[in-house]
Amino acid sequence: MPKDEIFQETVTRVEKPSSHYTLLRDPNGHFLGATEDGFATFDYVDDKAIWDTDGETYRHVGTDRVVETESPRSKDGSYLRHGGKWIASDGSLSDTAALFTPGHGPAHMPSEYLKTFRENGWVCLPSIVPPDLLEELERTSGTGRWESGEFDRSIPPLLQTSAVAKIIAEPVTLWLMRQYMGVQDIRLGHSPGFAVLPKDDGKRNVQGWHSDFPYLWGIAGRTKDRIPVHQVEGFAMGVQRNLCVSEFRKENGATCFKLGSHAFGEGPPAEWGTGNANKEPGHREARGLPYTGPDADVVEAPPGSYIIYDSRTWHRAGVNRTPHKRAAMLQAVVPMYMMPFRDTSGPYKRFLHSPLIDELNELEKRELESTMVSRMLSPDGPLAITVDDELTERIRFPE
Ligand SMILES: [Fe+2]
């Protein structure tokens, strides 16, 4: 194929927002919000927990209610006042003040993101990750401002920096995924991993078109063991949550999608170049790149953006035509009734016994546990599911 006929994907660009809303957290990490009835704290973020600030006061976007702060504000937070009363740690108006910490929030209202997600099967939350966490992920992945560094593949990213646990607990996307899949109880399909894409050398195989876990449509040899191809509306058994650590651009290998294909009820067509076929040695030399034409889409997004999409959506990694590495952090997320792809209990247990756990607030700790530990019921109470060495030995080496 002549060079100018490749990379013709249609670009959808999500711009860097000019401003972000604010989230106000109590010391346990719960979010201050408001309803028509008054203030309260919540363990999730929807529109109720969204604030605007002029630098002096906070305005609750949904109700227009304004709270004043004890001046001067410090980085440890502020005491908040409304109508001459302090706001207590449970959000009630009181004579006792509690400390609330302002933090980086979404650029748009959670309900707007949910509407887009439900309508289109994907949504991008531009620059949702706080700048300090983003730089920490660049450092750990050896990309961006830390490109001279190297990603240490021998240790799961979760155990290298608390920033990974914090982005797992990112509250707006957790809320969106719970709403989209219709269950409160959701799990990570695997411990989050970095996908670092170096400059293309013109020869290296390129990932083929596929749907993500748990569907894995288009990945030869795996489909029969997973979810049969089917069409169903309004019911999703998986959402992929990908964090753009680097800015995502067509030139640096941003993910290519067939947007809207989650609703097709089938995997990507073989002629587009699917899954494993593209992994075989020499495939690119013999068969060329997978489909890169205008019927495919590229979503461009600023660094720190979360792109979440219905796992059925056909996609593949892009081709990096810049000299700089492009990094993403990938997370397959499933309802509790799906078996995770990999064991998450092991990495979680190691995290629990590492000093990184102390860098999380109580809500982040709770979200990490609920998304990484699968449970079964017993008459005595819930049981945590984990790997059994003896039984693993049996299934690997049957007598
Ligand atoms: Fe994928």
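It should be emphasised that the depicted structure is a prediction, and the values quoted were computed from it without experimental measurement. Every chain's residues receive numbers from 1 upward, in the order its sequence appears when written. Two thresholds apply to this predicted model, a pLDDT of at least 70 for residue-level local features and 80 or more for giving and counting side-chain atom pairs, whereas whole-chain, interface and lining totals are computed over all residues. Only heavy atoms go into the side-chain values, all of them from the structure, while hydrogens and water stay out.

Draft legend 1. Here's a closer look at the overall build of the chain. A count of helices and strands for the chain gives 8 helices and 22 strands. Computed over C-alpha atoms, the radius of gyration of the chain comes to 22 Å, within 12% of the 21 Å expected from 2.2 N^0.38 for 399 residues, which places it in the range of a compact globule. If you line up the chain on its principal axes, its C-alpha atoms span 75 × 55 × 45 Å. It only takes one pair of heavy atoms within 4.5 Å for two residues to be counted as in contact. Partitioning the contacts of the chain with sequence separation of at least 6, the portion at a separation of at least 24 is 74%. Note on areas: Shrake-Rupley with a 1.4 Å probe; residue coverage comes only from the protein chains shown. With an accessible surface of roughly 19,300 Å², the chain has 51% of that area assigned to carbon and sulfur atoms. Helix and strand assignments follow DSSP, with helices taken as H or I runs no shorter than four residues and strands as E runs no shorter than two, numbered in order from the N terminus. With C-alpha atoms as the basis for the radius of gyration, the globule rule is written as 2.2 Å multiplied by the number of residues raised to the power 0.38.

Draft legend 2. View of the nonpolar core. Nine residue types can take part in a nonpolar core, namely buried Ala, Val, Leu, Ile, Met, Phe, Trp, Tyr and Cys, and a core is a set of them joined through side-chain atoms within 4.5 Å. Exposure is judged per residue with a 1.4 Å probe applied to protein chains only, and the accessible area is read against the type maximum: over 50% gives exposed, under 20% gives buried, and values in between give partly exposed. One finds Leu 176, Phe 351 and Leu 368 to be the most contacted residues of the largest nonpolar core, which totals 56 residues. With 7 residues, the single largest contributor to this core is helix H4 (residues 171-181). For this core, the two domains that each supply at least three residues are domain 1 (3-13 + 122-348) and domain 2 (22-104). For Leu 176, the contacting residues outside a window of four places in its chain are Pro 110, Tyr 113, Leu 114, Phe 117, Leu 125 and Ile 308. Formed by 19 residues, the second largest nonpolar core is a distinct cluster that contains Trp 122, Ala 301, Trp 314 and Ala 328. Reported domain spans reflect what an automatic or database domain assignment gives.

Draft legend 3. Summary view of the environment of Phe 7. Relative to the helices and strands, Phe 7 resides in the segment before strand S1 (10-13). Look past the residues within four positions of Phe 7 in its chain and what remains in contact with it is Lys 250, Leu 289, Thr 292, Val 319 and Arg 321.

Draft legend 4. Molecular detail of the coordination of the iron ion. Coordination partners: N, O, S within 2.8 Å of the metal, 3.2 Å for Na, K and Ca; water not considered, so apparent gaps in a site are possible. His 210 (NE2), Asp 212 (OD) and His 315 (NE2) make up the full set of protein donors to the iron ion, lying at 2.2 Å. In primary-sequence terms, the residues that donate to the iron ion follow H-x1-D-x102-H. In this pair, His 210 is assigned in the loop between strand S14 (193-197) and strand S15 (239-244) and His 315 in strand S19 (residues 315-316), connecting sequence segments 105 residues apart.

Draft legend 5. Local environment of the side chain of Gln 331. With respect to the helices and strands, Gln 331 occurs in strand S20 (residues 326-335). Here Gln 331 falls in the buried class, since its relative accessible area comes to 0%. N or O atoms closer than or at 3.5 Å make up a polar contact, with two conditions inside protein: a donor-capable atom paired with an acceptor-capable one, and, for residues adjacent in sequence, both atoms drawn from side chains. Within the local environment of Gln 331, its side chain forms a polar contact with the side chain of Tyr 306, the two groups lying 2.8 Å apart. Look past the residues within four positions of Gln 331 in its chain and what remains in contact with it is Ile 167, Ile 168, Leu 188, His 190, Pro 192, Val 239, Gln 240, Arg 241, Asn 242 and Tyr 306.

Draft legend 6. Here's a closer look at helix H6 (residues 345-352). Where H6 is concerned, the buried positions are Ser 345, Pro 347, Tyr 348 and Phe 351. Burial along H6 is one-sided: seen end-on, the buried residues are contained in an arc of 165 degrees. Among the structural elements, helix H3 (162-168) and helix H7 (362-372) are those in contact with the buried residues of H6. Taking the helix axis as origin, the arc is that swept by the directions to the C-beta atoms.

Draft legend 7. Representation of the domain arrangement of the chain. Considered domain by domain, the chain is made up of domain 1 (3-13 + 122-348) and domain 2 (22-104). Spacing between the C-alpha centres of domain 1 and domain 2 amounts to 35 Å. Taken together, the contact between domain 1 and domain 2 spans 8 residues of the former and 7 residues of the latter. Contact between domain 1 and domain 2 buries roughly 550 Å² in total, counting both sides, with carbon and sulfur atoms accounting for 70%. Three residues, Pro 171, Val 172 and Trp 175, lead the burial of domain 1 against domain 2; their summed loss comes to 68% of the area buried on that side. Take a side-chain nitrogen of Lys or Arg and a carboxyl oxygen of Asp or Glu: if they are within 4 Å of each other, that pair is a salt bridge. Where domain 1 touches domain 2, the interface holds 0 salt bridges. In this assembly, domain 1 and domain 2 are joined by 1 residue pair in polar contact (both at pLDDT 80 or more). Looking at the side of domain 1 that touches domain 2, the element that brings in the most residues is H4, giving 3 residues. The buried area of a pairing is the accessible area, by a 1.4 Å probe, that goes missing from both parts when the two are put together, added over both.

Draft legend 8. Region of interest: the pattern of salt bridges. Applying the stated criterion across every chain, the model contains 23 salt bridges. Of the charged contacts, one joins Asp 200 and Arg 284 as a salt bridge, the two residues approaching to 2.8 Å between their closest N and O atoms. Of this pair, Asp 200 sits in the loop between S14 and S15 while Arg 284 is found in helix H5 (residues 283-287), placing the two residues 84 residues apart along the sequence. Assessed through its relative accessible area of 18%, Asp 200 is described here as buried. Residue Arg 284 is classed as buried on the basis of its relative accessible area, which comes to 12%. It is possible to trace a salt-bridge network through shared partners that takes in Arg 13, Glu 15, Glu 247, Arg 249 and Glu 300.

Draft legend 9. Quick look at unusual backbone geometry. Look at the link from Phe 213 to Pro 214: it is a cis peptide, with omega at 10 degrees. Relative to the helices and strands, Pro 214 resides in the loop between S14 and S15. Even without glycine at this site, Phe 7 takes up a positive phi of about 60 degrees. Here Asp 64, not a glycine, exhibits a phi torsion of approximately 70 degrees, which is positive.

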